[in-house]
There are 2 protein chains.
Amino acid sequence: MSTALPTTPDSGSPEALTVMGAGLVGSLLSLFLARRGYSVDVYERRADMRQSGTVEGRSINLALSDRGWRALEEVGIGDQIRQVAIPMYRRVMHDVHGNLSYQPYGKDSQAIYSVSRAGLNRTLLSLAEGDARIRLHFNQQCVGLDTRTRKLELRDTTTGEEQHTSFRHLFGTDGAFSAVRSALQKTERYNYSQSYLEYGYKELNIEPGPAGEWLLEKNALHIWPRGQYMMIALPNLDGSFNCTLYFPYEGPHSFASLQTPAQVQDFFQQVFPDVIPLMPELTDEYFRNPTSSLVTIRCFPWAFGDDVLLLGDASHAIVPFYGQGMNAGFEDCTVLNQLLERLGDDWSAVFAEFQQQRKPNADAIADLAVYNFEEMRDRVGDPRFLLQKKIESKIAAQYPDQWSPLYSQVTFSHTPYADAWQNGQLQERIMQRLMTHIESEADYDRPEVQDLVQQEMAQRG
Amino acid sequence: MSTALPTTPDSGSPEALTVMGAGLVGSLLSLFLARRGYSVDVYERRADMRQSGTVEGRSINLALSDRGWRALEEVGIGDQIRQVAIPMYRRVMHDVHGNLSYQPYGKDSQAIYSVSRAGLNRTLLSLAEGDARIRLHFNQQCVGLDTRTRKLELRDTTTGEEQHTSFRHLFGTDGAFSAVRSALQKTERYNYSQSYLEYGYKELNIEPGPAGEWLLEKNALHIWPRGQYMMIALPNLDGSFNCTLYFPYEGPHSFASLQTPAQVQDFFQQVFPDVIPLMPELTDEYFRNPTSSLVTIRCFPWAFGDDVLLLGDASHAIVPFYGQGMNAGFEDCTVLNQLLERLGDDWSAVFAEFQQQRKPNADAIADLAVYNFEEMRDRVGDPRFLLQKKIESKIAAQYPDQWSPLYSQVTFSHTPYADAWQNGQLQERIMQRLMTHIESEADYDRPEVQDLVQQEMAQRG
């Protein structure tokens with residue numbers, strides 16, 4: 001069933017590049033590469049999502065932030081996406097009685113943006129299709145990869161026919177369960193880990209109001225923090241919210257413990273009472289929608305000579321709690337583009353420097369994402385935590401050159417993730433010391449507290 | 001090529017157990033299980049090593065210590081193995097000029113024992129063969145495993161014929177690259193990591209003297225610590241020593257940098273001059289013997305219901321620098337045996353408790369093994385480090401109930417590895433504080449130092 005080389009004429013020439021995977025990162029990467037003058041063949045296992053309505057079990061919306069925006073600006077579609085993105089300026093916490101509390105994400109105009117995963121991907125694909133240097137090949141599953149001979153084995157998922165094609169430089173952007181990475185994993189001394197949380201997630205839906213209005217505050221990310229578990233909701237353009245329940249697989253309150261519609265209804269009534277009226281389809285959706293797992297994947301190397309490079313989830317899949325999975329993948333594209341700018345087509349050097357530069361940052365955001373789960377499901381429900389955040393905002397306002405909260409560094413800056421994480425840990429230790437002197441927001445202005453803050457700042461230099 | 005069920009009559013009955021892998025841990029485990037009255041089928045990919053002379057690329061000798069001895073005593077072959085084991089009472093360090101220094105492993109009679117891997121494995125296999133409840137099946141490679149239907153697919157490596165056999169309880173003792181674990185890795189949410197050191201190892205040989213005598217001190221483990229790399233040697237019964245060079249794959253001094261016999265000879269002359277006269281075959285062996293890699297494998301869970309349990313390297317392969325790989329695997333057998341004693345054949349409970357109890361200990365010895373590499377290749381060459389070890393021995397002698405050096409806890413005790421590691425880190429911090437007051441061995445007896453030691457002990461309680 002294997003036929004030879006039906007590749008396009010210029011495959012094999014030094015400028016022809018191959019991208020496996022046309023998800024968010026793969027389609028954006030192909031645009032970056034084409035804009036640099038390269039001819040790009042993009043293979044994608046799934047059908048063209050612009051024609052098929054279905055999107056395989058992935059989240060419906062995503063939080064786009066500064067690192068992602070930068071990459072979109074660079075390929076010239078920032079404005080286009082901004083028109084369909086909903087800014088979320090703050091966290092709104094819902095307690096078990098439906099009482100609300102608030103935590104701004106950053107300064108006044110700073111927001112993270114709810115965007116439709118499928119919508120964004122479709123836009124990127126259409127843009128790629130409009131570029132003469134890019135050829136998109138759908139329904140092409142990578143079933144084999146020979147790194148020595150640089151041959152990619154593809155199966156047409158509609159006909160079952162297999163073909164092999166040569167590549168000179170292959171970019172693996174085929175996601176957390178990457179087939180390209182699987183081939184690298186078979187090379188000598190490959191470092192690899194997959195680590196699952198003991199939590200799964202399930203998507204639920206809050207319908208729009210009768211006039212298509214949003215039934216919760218629109219420009220916010222909603223959180224129902226419950227200690228060992230939580231639910232969140234992000235707004236959609238049509239007035240609905242996409243909710244995600246993050247819940248243990250096993251235990252007293254868990255997916256395992258809710259087996260019947262009555263149990264689900266009772267449980268939600270008890271712990272999320274304010275959403276019950278907003279979710280008329282709750283129990284149907286609960287049992288219809290899949291429970292998905294939460295994995296962190298780390299590997300190294302990402303590059304195999306100048307032949308293969310992994311980007312995005314293929315090399316660093318992370319849990320979603322910092323809203324940085326897509327943003328990190330998009331930043332991969334920005335960084336690769338910068339290296340190509342600096343090093344030209346010395347692909348060996350580009351690949352080597354890319355993995356050296358990005359690996360520590362990928363490890364940092366992977367750790368941060370797990371860390372932020374605890375913050376979201378537990379600490380944001382604690383008034384003392386919210387007070388600390390308020391005090392920290394005051395410090396950041398007073399000392400803008402010396403202090404930026406960790407969340408802001410990750411979300412609203414281009415500081416490498418590893419540096420942000422290190423700064424953030426330092427600042428957390430300072431906050432711990434200060435908070436022993438602070439009982440209320442007003443305490444911040446007390447002279448002795450101001451002295452302490454000034455001392456800490458002087459020590460930071 | 002698949003034939004049905006050529007299993008022994010009582011497979012499928014509750015008491016029939018299946019062991020995949022007849023290496024050190026598998027063969028010992030089958031003895032433990034048979035002694036408890038179970039009927040055991042043992043399948044092994046390789047030929048019967050008692051008939052074939054070759055042993056696949058593994059170390060020639062191993063260091064057996066207290067955890068291993070306990071397991072051997074329990075199956076009644078402690079004395080038999082002791083007759084062919086060579087006690088090593090101390091480390092002998094060789095500097096670049098051939099000068100020696102010494103570090104005892106423990107108290108006077110305490111030693112680790114050099115034993116032949118193949119010899120020990122053959123002894124265990126013969127013992128297993130002599131037990132009517134154990135059936136050994138060689139040349140049977142596990143090529144598939146269905147955890148749902150409890151079917152094991154085996155290929156006869158001599159005929160190529162495949163068969164499948166049912167199991168009720170399967171023990172995966174098939175080593176670091178376990179086929180049984182591969183099947184578990186395909187189950188939902190499986191945690192797995194493989195992490196390689198950037199070092200490889202190569203085995204070399206020191207021949208016996210003309211009269212079959214040992215040309216280095218016999219009852220010692222020899223180390224040539226060289227900072228970024230090292231060589232070690234363990235004695236064999238025939239007067240030879242088995243040497244292992246642990247060396248970076250890449251870099252200025254590395255396997256990559258030594259490409260010709262002249263380069264090897266020059267390098268050894270320069271950094272290991274005292275072994276040159278003892279290794280007449282050096283360059284031949286260097287290029288003939290393979291370079292092997294050093295991997296740490298972690299995974300979880302180890303158990304799949306009451307159907308499958310991984311033990312030994314299959315669940316926790318570690319690097320060899322603490323001499324604990326085999327000992328940890330043998331301790332797995334001891335612990336499993338204790339659980340069977342306590343819980344009877346409630347296999348679900350036994351498997352669940354086994355993995356819960358052993359996993360933190362396996363993680364601890366994995367960390368310790370990597371940590372000890374640095375000690376062996378670098379710190380044992382430092383007089384200040386050796387002084388600290390001497391002072392620590394004095395403390396242990398003076399406060400035997402309160403202090404046992406980390407190495408002794410790991411090697412000469414049955415303290416769980418995780419507890420040993422934690423105690424060891426605590427003690428190391430105390431040693432760091434004390435050593436700022438100590439310049440020589442005699443300083444230990446100074447009243448102010450004795451006061452400090454006493455204070456530290458009082459604080460430990």
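What counts and how
Residues numbered from 1 in each chain as written. Chains lettered and ligands numbered in written order. Predicted model: local features only at pLDDT ≥ 70, side-chain atom pairs only at ≥ 80, totals over all residues. Heavy atoms only, no water. UniProt positions renumbered as here; feature names shortened; annotations may be inferred. Helix = DSSP H or I, 4+ residues; strand = E, 2+ residues; numbered from the N terminus. Rg over C-alpha atoms; globule rule 2.2 N^0.38 Å. Buried < 20%, exposed > 50% of the residue type's maximum accessible area, 1.4 Å probe, protein only. Contact = heavy atoms within 4.5 Å. Areas by Shrake-Rupley, 256 points an atom, 1.4 Å probe, with all protein chains shown as cover. Lys, Arg positive; Asp, Glu negative; His and termini not counted. Charge placed at Lys NZ, Arg CZ, Asp CG, Glu CD. Least-squares fit on C-alpha atoms with pLDDT ≥ 70 in both. Expected span 1.5 Å × (residues − 1). Arc of directions from axis to C-beta.

As annotated in an unreviewed UniProt entry, chain A carries the name Kynurenine 3-monooxygenase and is attributed to Hymenobacter elongatus. Database annotation for chain A, UniProt heading Catalytic activity (unreviewed entry): "L-kynurenine + NADPH + O2 + H(+) = 3-hydroxy-L-kynurenine + NADP(+) + H2O". Quoted verbatim from the Pathway (unreviewed entry) field of the UniProt record, the comment on chain A reads "Cofactor biosynthesis; NAD(+) biosynthesis; quinolinate from L-kynurenine: step 1/3."

A. Region of interest: the overall build of chain A. Secondary structure assignment for chain A yields 14 helices and 20 strands. Its C-alpha radius of gyration of 24 Å places chain A within 12% of the 23 Å reference for a compact globule of 461 residues. For chain A, the C-alpha atoms occupy an extent of roughly 75 × 60 × 45 Å along the three principal directions. Counting across all 461 residues of chain A, residues that qualify as buried make up 54%. For chain A, long-range pairs separated by at least 24 residues make up 69% of all intrachain contacts whose partners lie at least 6 apart in sequence. Approximately 19400 Å² of chain A is accessible, and the part contributed by carbon and sulfur atoms is 49%. One way to put it: in chain A the 42 positive side-chain charges average out to a point 3 Å from where the 59 negative ones average out.

B. Molecular detail of the relation of the copies chain B and chain A. Note on the copies: chain B fits chain A at an RMSD of 0.0 Å, the axial shift is 0.0 Å, and the rotation between them is 180°. Taken together, the rotation and translation describe the operation of a two-fold axis. The position closest to the rotation axis in chain B is occupied by the C-alpha of S193(B), lying 2.0 Å away. A share of 100% of the interface residues of chain B reappears at the interface of chain A, consistent with the copies meeting face to face through the same patch.

C. How the structure looks around helix α14 (residues 447-460) of chain B. Residue and element names in this part refer to chain B. With 14 residues, α14 should cover 20 Å at 1.5 Å per step; its first-to-last C-alpha distance of 20 Å lies within 8% of that length. For α14, the full list of buried residues reads V449, Q450, V453, E456 and M457. End-on, the buried residues of α14 take up no more than an arc of 125°, which puts them together on one face. For α14, exposure combined with an orientation more than 90 degrees from the buried face picks out P447, A458 and Q459. Buried residues in α14 make contact with α11 (383-398) and α13 (417-435).

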